[in-house]
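Examining the three-dimensional arrangement
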Amino acid sequence: MFQPSVAILRGPLTHFALLEESLTQGDGGLHDFITLDCITIAAAWKIRNLDWRSIGEQEHWFSETVLLRVRRSKLALVLHASRRPEKGGSWIAFRLNHIKGQAPTIDAREQVFASYISLGGVDVPVHKFILTGLRHVGVQLRKLSFLVGLRGRKAEIKATLELAAAGASEARNLVVYDVGQGSAVGLVDAVGHPCLFFDLGWPTSFNAKSRPLDPPNLFVGDACAHCTVRKAPVILSHWDFDHWAYAVANDNYNFGKKASTMTLKPAAVDRIWIVPRPPALKKNGKGLGPTHLRLLSSLKQRIVWPNALKSVRFGAGVITRTDPAVLPDDRNNQSLVWFVMRRSEPRRAVLLAGDVSYPKARWPLPKPNLHGLVASHHGADVTDPPKRSGAFAKLAISVGDPNVYGHPRLLGLLEHAAAGWGQGKCTYTRTVWPPASPMKTGAVLLTLDASAPTTFSCSCLIPGNMGTTQ
């Protein structure tokens, strides 16, 4: 584990890092951590004036990204900061022993000294150090942080969604896959192949123990010998790791003495992704860290949803964008949500909410009745969930066990129960599928048709562990 203290490492600075998140892990003692989402200063310098319309040409610079973990109390000591990093969103600069082209190796005895920096043109006190050559870097990374030039066109988004939805079953069957403490949902065809994904999530290192022993192969249908299947596009709800990290190839990555260096699956990134415009770095905003940016740079067929585009209606429902002016610094609420519907029945829907606070979701008009719901934020302490309608309506909770957040939380469960949803189906409730198989899954089926079959017929789903058990 990376545990810097107050001594100074002599030499030039080597890395920038976004303080990505903090959480409490375990009972008793100091178990409060912050993720350092890092990029080398050399790589940052090369992309300082990057135009995002041509980002793919410089994508190799994003290979110089690493993730570290540090105790928050130790980080505060290192910084000698007048402001403690109580929340994510701050950027720092520091030095690691680094060999070009290799991931830095962290020795627990090493001691790192760091300083707050500004990437958004906002003045931050620069602390005095023995190190020489420390510079304000607002100009160097301004374009990186503000993500200049990202645009998407409504017609392009709608055409992509219509083509994907054309292959889906009329029942609008949705599979909430068992990916541990993350989220991945597929709109599937009549035999169970995904036609359109809503998130491609996987647990972060903090929640590694929740990773399923028999993970689904979400892309098994791409090479199905029995069916003609297009690569299912991905709708990304928002920019949190556990909603896109299934795209990481070394999916057993963990923080530790060595930095976590991620590689990406070609099968994940070589498909269309519809993504919300990332949050800009403003006074209190944190934008995106280098690892998120690396994913973005690798998406050759990305379509960025403009902030001004409120909704797109297509054959499988309506996707809406939360109001970008409300909680602009809250990544969970800078999000896309999907009301899955049949074209013939626009008043009935299944809601896929990502991590959004329910009152912040933008509803289509006329407002549909909900016959299915994937609980927001993995069953966290959310309030005011929408009411349940229909006798076969089902609540799914995409959650892993154990997880460091204690999801699903009691308050969230009680709020959903009060809205008529009952106990809900947690994806960590795993049973054998198919019968006599050595594999287990807790995948949940949601549908708008009570008479729809509860199992799927394509044989490729069995080795891919893509069936449903709830």
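Please read these numbers as outputs of a predicted model, since none were measured by experiment. Residue numbers restart at each chain and count upward from 1, following the sequence in its written direction. Local features are withheld for residues below a pLDDT of 70 in this predicted model, meaning they are given only at 70 or higher, and side-chain atom pairs are given and counted only at 80 or more; totals for whole chains, interfaces and linings count all residues. Heavy atoms from the whole structure form the basis of all side-chain values; hydrogens and water molecules are not counted.

**Remarks on the overall build of the chain**
The test is simple: Strands here are runs of E lasting at least two residues and helices are runs of H or I lasting at least four, both read from the DSSP assignment and numbered beginning at the N terminus. Think of it in three bands: residues with accessible area under 20% of the maximum for their type are buried, residues over 50% are exposed, and the middle band is partly exposed, with areas taken using a 1.4 Å probe on protein chains only. Whether two residues are in contact is decided by their heavy atoms: any pair within 4.5 Å suffices. Each accessible area is a Shrake-Rupley estimate made with a 1.4 Å probe; only the visible protein chains count as cover when residues are assessed.
Tallying secondary structure elements over the chain gives 7 helices and 21 strands in all. Out of the 470 residues belonging to the chain, those deemed buried represent 57%. Sequence-distant contacts, at least 24 apart, represent 68% of the contacts inside the chain between residues at least 6 apart. Total accessible area on the chain stands at roughly 19,200 Å², and carbon and sulfur atoms take up 53% of it.

**Examining unusual backbone geometry**
For the peptide bond that leads from Leu365 to Pro366, omega is 0 degrees, which places it in the cis range. In this structure, Pro366 sits in the loop between strand 15 (345-352) and strand 16 (369-374). Notably, Arg172 is not glycine yet its phi reads approximately 55 degrees, a positive angle. With respect to the secondary-structure elements, Arg172 resides in the loop between helix 4 (154-165) and strand 6 (174-176). Arg172 sits in the buried class, given a relative accessible area of 6%. Despite not being glycine, Asn465 shows a phi value in the positive range, around 50 degrees. As for its placement among the helices and strands, Asn465 is situated in the segment after strand 21 (444-446).

**Describing the pairing of strand 17 (residues 394-397)**
We apply this condition: Pairing between strands requires that DSSP locate at least two bridges from one strand to the other. Every crossover in which the path from the first strand over the helix to the second runs clockwise, viewed with the strands pointing away from the viewer, is termed right-handed.
In terms of strand pairing, strand 16 meets strand 17 through 3 bridges, oriented parallel. Across the sheet, the residue bridging to Val374 is Ala396, located in strand 17. Where strand 17 and strand 18 (residues 425-426) come together, 2 bridges link them in parallel fashion. Paired with Ala396 across the strands is Lys425, a residue of strand 18. Since strand 17 and strand 18 lie parallel, the crossover through helix 7 (residues 410-418) that links them has a hand, and here it is right-handed.

**Comments concerning the packing of aromatic side chains**
Cut-off, in case you're wondering: The rule is short: rings of Phe, Tyr and Trp, with Trp giving its six-membered ring, pair when the centres are within 6.5 Å, and they are stacked under 30 degrees, edge-to-face over 60, tilted in between. Counting as a charge over the ring demands two things of the Lys NZ or Arg CZ atom: a distance within 6 Å of the ring centre and an angle within 35 degrees of the ring normal.
Taken as a whole, this structure holds 7 aromatic pairs when the rule is applied. Both rings, one in Phe197 and one in Phe219, keep their centres 6.3 Å apart while their planes meet at 85 degrees; by these two values the pair is edge-to-face. Of this pair, Phe197 sits in strand 8 (residues 194-200) while Phe219 sits in the loop between strand 8 and strand 9 (234-235), placing them 22 residues apart in sequence. Since its relative accessible area comes to 10%, Phe219 is described here as buried. Centroid distance Phe339 to Trp363: 4.8 Å. Interplanar angle 55 degrees. Geometry classified as tilted. Pair noted here: Phe339 is in strand 14 (residues 336-342) and Trp363 is in the loop between strand 15 and strand 16, with a separation of 24 residues, a long-range link. A residue is classified by how much of its surface remains accessible, and Phe339, at 0% relative accessible area, is buried. By relative accessible area, which is 22% here, Trp363 ends up partly exposed. The rings of Phe197, Trp202, Phe219 and Tyr246 are connected pair by pair, giving a single aromatic cluster. Lying across the ring of Trp363, Lys367 places its NZ or CZ 4.5 Å from the centre.

**Some points on the confidence of the model for the chain**
Quick note on the threshold: Each residue carries a pLDDT score, the predictor's confidence in it, ranging from 0 to 100.
For the chain, the average pLDDT comes to 78, and 71% of its residues sit at 70 or higher. For residues 1-10, every residue scores under 50 in pLDDT, and the model assigns this stretch 41 contacts once sequence neighbours within four places are set aside.

**What about the sheet that holds strand 13 (residues 317-321)?**
Note the cut-off: The angle between two axes is taken between their N-to-C directions and runs from 0 to 180 degrees, where each axis is a line fitted to C-alpha atoms and a helix contributes only its stretch in contact.
Spatially, 12-13-14-15-16-17-18 is the arrangement adopted by the 7 strands of the open sheet, whose pairing is mixed. Every other strand in the sheet has two partners, leaving strand 12 (311-314) and strand 18 as the edge strands with one partner each. With 5 bridges joining them, strand 13 and strand 14 adopt antiparallel strand pairing. Residue Val318 lies in a different strand from strand 14, and its bridge partner there is Phe339. Across the sheet, helix 4 lies against strand 12 and strand 13, angled at about 35 degrees from strand 12, the strand it touches most.

**Section: the sheet that holds strand 8**
If you walk across this open sheet you meet the 7 strands as 11-10-9-8-7-6-21, and the pairing is mixed. Both outer strands of the open sheet, strand 11 (302-305) and strand 21, are each paired with one neighbouring strand and no more. Bridging between strand 8 and strand 9 involves 2 bridges; their strand directions are parallel. Across the sheet, residue Phe197 finds its bridge partner in strand 9, namely Val234. Across the sheet, helix 4 touches strand 8, strand 9, strand 10 (273-276) and strand 11, and the angle it forms with strand 11 is around 120 degrees.

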